[in-house]
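Letter by letter, the chains look like this.
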Amino acid sequence: MEHLITIDEFKELARPTSVHIDESEVTAYIRESEDMNIIPAIGYDRYKHLLADDQSTLSDDEKTLLSGGEYTVKQGCTGDAKTTTVKCHGLKTALAYYAYAKMLRSDGAVVARAGFMRHDDVYSSHVDDSKLKQYNDVMNCAEFYLGSCLAFIKSKDDTIKPVHGTRCRIHAIGD
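Residues numbered from 1 in each chain as written. Predicted model: local features only at pLDDT ≥ 70, side-chain atom pairs only at ≥ 80, totals over all residues. Heavy atoms only, no water.

**Q** For the side chain of Thr64, give the residues involved together with the corresponding values.
**A** Tracing the backbone shows Thr64 in helix H4 (residues 60-67). Take Thr64: its relative accessible area is 15%, and that puts it in the buried class. Once residues lying within four places of it in the same chain are set aside, the contact partners of Thr64 are Gly69, Cys88, Gly90 and Phe152. (Helix = DSSP H or I, 4+ residues; strand = E, 2+ residues; numbered from the N terminus. Buried < 20%, exposed > 50% of the residue type's maximum accessible area, 1.4 Å probe, protein only. Contact = heavy atoms within 4.5 Å.)

Here is the structure:
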């Protein structure tokens, strides 16, 4: 396997896309999303192991991490601990949403001699960021799905590092 998801899995896991999307662009978005979002979160060794050509060598926990599933966690003190079923959405879904968010940001635009342009029928125009309001919603979904994967990893072996977001964060001080 070259990437955690294929183009067909991307189309299935992310929000609906056109059947006419450029597969080379989607592959680039998948690669960028793996490099920027998935690998820093789970570690390169775990990532390489999940890319195994023979998926049958993966443990049940690794399959759950990759494709999603349910697991149980204990909540509360050791004497009063109760088990709760939790859902891991899977790295494939998180990756699909990160790649989808990158697609929304580009919005079919390409770099041309005149700069970053969007083609409208015969003419083209400069990209207007106000039309990309869905981006935040899609990124919130992607971060939520990745967060469920990181919680799953932490429940099993606690070997993840905190991931600092790449988006703007505002700290308010005072009233």
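**Q** Describe the environment of Leu51, with residues and values.
**A** Assignment of secondary structure puts Leu51 in the loop between helix H3 (44-50) and H4. The exposure class assigned to Leu51 is buried, which follows from its relative accessible area of 14%. Measuring from C-alpha to C-alpha, the distance between Leu51 and Glu2 comes to 7.1 Å, with 49 residues separating the pair along the chain.

**Q** Report on helix H6 (residues 134-156), specifying residues and quantitative values.
**A** For H6, spanning 23 residues, the distance from its first C-alpha to its last is 34 Å, which sits close to the expected 33 Å at 1.5 Å a residue. By the burial criterion, the buried members of H6 are Tyr135, Val138, Met139, Cys141, Ala142, Tyr145, Leu146, Ser148, Cys149, Leu150, Phe152 and Ile153. Elements in contact with the buried residues of H6: helix H2 (23-42), H3, H4, strand E1 (69-75), strand E2 (82-88) and helix H5 (91-106). (Expected span 1.5 Å × (residues − 1).)

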